[in-house]
Structure formats: C-alpha cells, structure tokens
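Here's the letter readout for the chains.
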Amino acid sequence: MRADSQANERLPGAIAGVGAVLAGLAAGHLIAGLVAPEASPALAVGSRLVDLAPTPLKDWAVATLGTNDKPVLVAGVVVVALALGAGTGPLAFRHRRLAWMVPALLGLVAGAAAVTAPTATAAAVLPALVAGVAGAVTLSWLLPRRHPDDPTGTPRALPRRAFLTGTAVVGGSSAVALVTGQWFADRSRVATDVTLPVATPARTPLPAGLDVPGLSLWVTPNADFYRVDINLLVPAVDITNWRLSVDGLVDRPLSLSWAELIALPVVERDITLNCVSNEVGGPYIGGARWLGVRTRDLLEHAGVRAEADQVLSRSVDGFTISTPVQALLDDRDALVAIGMNGRPLPAEHGFPARLITPGLYGYVGATKWLTQLTLTTYAQQSAYWTVRGWAERGPVKPSSRIEVPRGFAKLPAGDVIVAGTAWAQHIGVARVQLRVDGGPWQDATLGADAGIEYWRQWRFGWKATPGEHVLESRVIDDRGVPQSEQPAAPFPDGASGLHRITVTIG
C-alpha cells in the first residue's frame, strides 16, 4: 500500500514542484522588470556562472554555441531549477518543511548571485526574495493538506479537478507575470537614436567590395556584426546620467558628459574588429566605419604620467579591459567610438561609447558601454580576462579565411571561384595566396584597400578537376612575412595556422 501511495504522489508532486519553481521565476522576473532587470533570478544566476566558469569551458561555449551561448545558459539555469522542483514536489508530500526550505534555498542562491554583481544596488535582492516566497506559497497550496475535521490528521490531496485548476492558474499567472516583467524591462531600455556630430574632415565613402555570392560584405552591417561578451542582459545606459572619466596616473583628471564628449573633435576610421576567441577561419570578425574621439587627444589633454603603461578601461557594469598605453597614444588612431556605420552605436555594441583599438583583439582593446579610462600599470592592476589567464597584450595575428566555397561543398568541374577575406592589422595586407592539394602557392586577386587596419577581400579563379581537393589560404603582410602556419588554439593570445577546407569536384 505504501508503494502504491508513493507512486500516486510522484506525478502530482512533480507537477506541483515544477509549478512552484515556474511561479517563483515568473514572480522574480516581474519584480526585476520594475526594479533591476539584471536581477531576474535566472539571469542573475547565469551571470555569476559566467564569471565563475573556467576559461576552457568559456572557450568551448563560444566555439560550440557561438552567439547562442547566452540563451542556452539561461535556458540551462531554468531547466535545472525546474528539475529541482520536480524532484522536491513528491518529497514535500510527506515532508512539508521541504515546501518552504527548497524554494527558500533557491531564492537564497538567486539573491546571492544578484547582490554580488559589480554594480548591484540594495534593490537587487527583491526579485529573489519574491521568487522564494512565491515558490513556497505555490508549492504549499498545491500539496495535500490536513483537514480540521479528520481526527487522524492525515493530509488529503486536493481533488483532481481542484488540482488541475490550481496548476492551470499557476501556469497562466506565471505566463502573465513573465510577459509583464519583460514589458517593464523593455520599457527601461533607453533610446539610442541620438544625433551624432559630423567628422572633420569628412571621410570619402569606401569603394565597392568584391561581388562574389557568399563572400562577407566588405562593410559588415550593424545588425550582422558579431557579438561576444559576458553580458546576459545588454546594459541600458541613459546618456543624461552617463559620464566618461579619465583618471589614475594623469596630471589633469577628466570627467566628461555626453554633450562634452561629442563637442570634441571627432574622426571617422575604417577598422576591423577581431575576437580572440575566433578559431582559424571563424566568424567573429567584422569591418565597420567608426566615428569617435581619438584616445590620443583625450589622454594628451589629461597628461599621462611616465610611469603609466596600462589603461584599465571600465564598463558601466564593472567589466574591465587592459590596454597598453602606447596603443592608445600612437598614430593608429584608437577611438572612443560613438558611431558605427553612420549610426549611433547599437545598444548591444556598446551605446553610448566604446573603445576601439586597431590591431588589438577585442579583449584588450574594445570595451563596450565605456565609462572610465584609468591610467595605471600592469604590475598594479589586472583586467577581467587577464586574471583568467589570457595574454596581457593581444596583437591581432595576420590571417586569412576561405569563405567561398564552403567546406565539404560538392561542385562541378571547371571554373570555380574561390574567395575570402584576409587581414594583417597595423601592418597591412600585401598578398593573399591559395594552395591546392599542397601544391605551389598562387596569388589571388585582392579587392579594394581601405588601409592597414581594415581587412581585404580576395578571389581566385580555379580550374577544378574531378576528385576530392584540399584548399588552403594564407596572407603575406606588407613586410613580406607570411602568416604563421603553426596551429595554435585561441587561448591565450589568439589562434594561428592555415585555414583549410575540403571540397569535392564531380
């Protein structure tokens, strides 16, 4: 009889537990939308997991999941929480204390995650508190109850219809809370459609890129530009309260409002941005025309002291990046960028301002949602990624990739166009070459040139013969040095080696 009773408790218990967790997450998300969207329980826990994850795991996530890593992580947090609820419900049928203890524990975890965020306020604990209470109340409501007229005190389950009605109410209410919380969170987003200053002198438009179907556009549209960062929720920055400070080892600290920043002379520069997580031939690279204030102008105005060798830049959410001082002072024209391809920076790409440092990987030169530039030394301070073992200085390694045709493509024999992109930032692309089946290197035709900090498109006309073939590409920089053929993983200072694809000609 006891076994039958426990079997009868499992399914309704699991349903009650899942409903309780769902109600808690939804209630927490609703409150977060009102007070602090980033403190929504699933987001808060996910963000702390990002910070705590070892570097190899982060690399695997970026390489395997790409830009889907963030939604997959949040979904994983939700699934684990729901699974805990499904396991707790049946146990709580006989151990009523669990109906309060487990939701309280989950709320405690979410609250700790929220309040330990770098920019958390006292309000960050509220979503987790409400989530814990809502989960506990919901689970207790759906569990069997002792009837006051029953002298044995045996808990009685809700009638089947009442239980089904209750779970439906929980599900519907949770859906409403989730949608409403997201509506409030979306309303907290600030407008990014600001008026940008005009660069002087005006930069001439870029010439047309190569017209090869499947080849990356020479100028990457804002909507298609890669995004790799640690933020599960894009920071919302109100320019009326935003300021950029330049401090630390300087003679004249600066603190600029948005109006003061855009009143300074601005320039436009065509710069390719690379992510150090990119595998050879990977997608995390793009070219854009950036509008901004030269970091050299800001730092010279502040008066950099001789002992400073690092600029520690800080985002509004506390994230830090370390950049060599010289890279922000030399003639490469690093920018505090405020515009991208003729538009204000999109929110996901750093509105209202971000750092752009030509020739350096993003993890050491492209801080988004920028709010502070601190002159310091590498001996005194380390940044987010360098603490996790990445190299202190990240110059972009010259490389090339084959984009057309795709790997493992099956093509007819005859004339085949092979095309791709190549870069040798802060040096310049002199030539791109293609090799078929380990044969001699052959020069490809280069597309237009926008300067040494911008990538080049290339194409090659190949007389393809039947069979399986291996194609490889390489770039030769303006010094006459070919890119490294030595394979290396992205960690700790960027991938290297030749991009290689296999195609079948039939």
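Parameters at a glance
- Residues numbered from 1 in each chain as written.
- Predicted model: local features only at pLDDT ≥ 70, side-chain atom pairs only at ≥ 80, totals over all residues.
- Heavy atoms only, no water.
- Helix = DSSP H or I, 4+ residues; strand = E, 2+ residues; numbered from the N terminus.
- Buried < 20%, exposed > 50% of the residue type's maximum accessible area, 1.4 Å probe, protein only.
- Contact = heavy atoms within 4.5 Å.
- Areas by Shrake-Rupley, 256 points an atom, 1.4 Å probe, with all protein chains shown as cover.
- Lys, Arg positive; Asp, Glu negative; His and termini not counted.
- Charge placed at Lys NZ, Arg CZ, Asp CG, Glu CD.
- Pairing = 2+ DSSP bridges.
- Patch = residues over 30% accessible without salt bridge, like charges linked within 9 Å, V, L, I, M, F, W, Y side chains within 5 Å.
- Salt bridge = Lys/Arg side-chain N within 4 Å of Asp/Glu carboxyl O.
- pLDDT = per-residue confidence, 0-100.
- Phe/Tyr/Trp six-rings, centres within 6.5 Å; stacked < 30°, edge-to-face > 60°.
- Lys NZ or Arg CZ within 6 Å of the ring centre and 35° of its normal.
- Expected span 1.5 Å × (residues − 1).
- Axes fitted to C-alpha atoms, helices over the stretch in contact; angles between N-to-C directions.
- Parallel < 35°, antiparallel > 145°, perpendicular 65-115°, else oblique.
- Left-handed = near helix turned anticlockwise from the far one by under 90°.

Overview of the overall build of the chain
A tally of regular secondary structure across the chain gives 11 helices and 21 strands. For the C-alpha atoms alone, the extent of the chain along its principal axes is close to 95 × 70 × 40 Å. Counting across all 506 residues of the chain, residues that qualify as buried make up 51%. Considering only residue pairs separated by 6 or more positions, the chain has 75% of its internal contacts joining residues 24 or more positions apart. Accessible area of the chain: about 23,000 Å², with a carbon and sulfur share of 61%. Distance between charge centres in the chain, computed from 43 positive and 42 negative side chains, equals 8 Å.

Digging into the side chain of serine 399
In this fold, serine 399 is placed in strand S13 (residues 399–404). On the basis of relative accessibility, which here comes to 9%, the residue serine 399 falls in the buried class. Apart from residues no more than four positions distant in its own chain, serine 399 is found in contact with Ala422, Trp423, Val475 and Gln483.

Side note on the sheet that holds strand S18 (residues 445–446)
Here we have four strands laid out as an open sheet, ordered S13-S15-S19-S18, and antiparallel in their pairing. Edge positions in the open sheet fall to S13 and S18, since each of these has one partner strand only. Bridging between strand S15 (residues 414–423) and strand S19 (residues 456–464) involves nine bridges; their strand directions are antiparallel. If you follow glycine 414 over to S19, its bridge partner there is alanine 464.

Some words on the environment of valine 18
Relative to the helices and strands, valine 18 resides in helix H1 (residues 2–35). Valine 18 sits 287 residues away from arginine 305 along the chain, and the two C-alpha atoms are 59 Å apart. When near neighbours in sequence (up to four residues on either side) are disregarded, valine 18 contacts Leu82, Gly85 and Ala86.

As for a nonpolar patch on the surface
Taken together, the side chains of Leu34, Val35, Trp100, Val115, Val125, Leu126, Leu129, Val133 and Val137 define a hydrophobic patch exposed on the protein surface, amounting to about 760 Å² of accessible area. For the nonpolar patch, the secondary structure elements donating two or more residues are H1, helix H5 (98–115) and helix H6 (126–142). Tracing the chain through its elements places valine 125 in the loop between H5 and H6. On the accessibility criterion, valine 125 (35% relative accessible area) is partly exposed.

Notes on the confidence of the model for the chain
On average, residues of the chain carry a pLDDT of 92, and 95% of them reach 70 or more. Contacts for the low-pLDDT stretch residues 1–5, under 50 throughout, to residues beyond four places or in other chains number two contacts.

Concerning the pairing of strand S9 (residues 335–340)
S9 sits mainly inside the fold: six of its six residues count as buried. Direction of pairing for strand S6 (residues 285–294) relative to S9: antiparallel, over a ladder of five bridges. Across the sheet, residue glycine 292 finds its bridge partner in S9, namely alanine 337. Sheet topology note: the S9/strand S10 (residues 343–344) ladder contains two bridges and is antiparallel. Looking at S10, one finds that glycine 339 is bridged to proline 344. What sits between the antiparallel neighbours S9 and S10 is a turn of two residues, in which asparagine 341 has the positive phi angle 55 degrees.

A look at the packing of aromatic side chains
The tally for this structure, following the rule as stated, stands at 12 aromatic pairs. Both rings, one in tryptophan 218 and one in tyrosine 454, keep their centres 5.5 Å apart while their planes meet at 75 degrees; by these two values the pair is edge-to-face. With tryptophan 218 in the loop between helix H7 (160–187) and strand S3 (243–248) and tyrosine 454 in the loop between S18 and S19, the pair connects residues that are 236 residues apart, well separated along the chain. For the residue pair tryptophan 218 and tyrosine 454, the accessibility class agrees, reading buried in each case. Ring centres of tryptophan 258 and phenylalanine 351 lie 6.4 Å apart, and the angle between their planes is 45 degrees; on these two criteria the pair is classed as tilted. Taken together, the residues tryptophan 258 in helix H8 (residues 258–262) and phenylalanine 351 in the loop between S10 and strand S11 (354–356) connect sequence positions 93 residues apart. On the basis of relative accessibility, which here comes to 7%, the residue tryptophan 258 falls in the buried class. With a relative accessible area of 2%, phenylalanine 351 lands in the buried category. Taken together through their ring pairs, the aromatic side chains of Phe319, Tyr363, Tyr384, Trp385, Trp390 and Phe491 make up a single cluster. The ring centre of tyrosine 384 lies 3.6 Å from the NZ or CZ of arginine 388, which sits over that ring.

Re helix H2 (residues 41–52)
Counted at 1.5 Å a residue, the expected span for H2 with its 12 residues is 16 Å, and the 17 Å between its end C-alpha atoms agrees. The buried count for H2 comes to nine of 12 residues, which makes it a mostly enclosed element. By the burial criterion, the buried members of H2 are Pro41, Ala42, Leu43, Ala44, Val45, Gly46, Ser47, Arg48 and Val50.

Focus on the packing of helix H4 (residues 69–94) against H5
Between H4 and H5, the shortest axis-to-axis distance is 9 Å and the interhelical angle comes to 160 degrees. Between H4 and H5, the interaxial angle falls into the category roughly antiparallel. In the crossing of H4 with H5, the sense of the turn from one axis to the other is right-handed. Residues Leu84, Thr88, Leu91 and Ala92 of H4 touch H5, and the partners they reach there are Leu98, Ala99, Val102 and Leu106.

Structural notes on the environment of glycine 494
Note that glycine 494 resides in the loop between strand S20 (467–477) and strand S21 (499–505). Along the backbone, glycine 494 and valine 280 are 214 residues apart, and their C-alpha atoms lie at a distance of 9.1 Å.

Section: the pattern of salt bridges
With the rule as written, the count across this model stands at 23 salt bridges. The closest approach of N and O atoms between arginine 269 and aspartate 333, which form a salt bridge, is 2.8 Å. Of this pair, arginine 269 sits in strand S5 (residues 267–274) while aspartate 333 sits in the loop between helix H10 (325–329) and S9; the two residues are 64 residues apart in sequence, bridging distant segments of the chain. The class for aspartate 333 is buried, based on a relative accessible area of 9%. What emerges from the salt-bridge pattern is a single network uniting Asp69, Lys70, Arg227, Asp229 and Lys368.

Notes on the environment of leucine 312
Counting through the fold element by element, leucine 312 comes out in strand S7 (residues 310–315). In sequence terms leucine 312 and threonine 374 are 62 residues apart; their C-alpha atoms lie 5.0 Å from each other. Not counting residues up to four positions away in its chain, the partners in contact with leucine 312 are Thr320, Ile321, Ser322, Gln372, Leu373, Thr374, Thr376, Gln381, Ser382 and Ala383.

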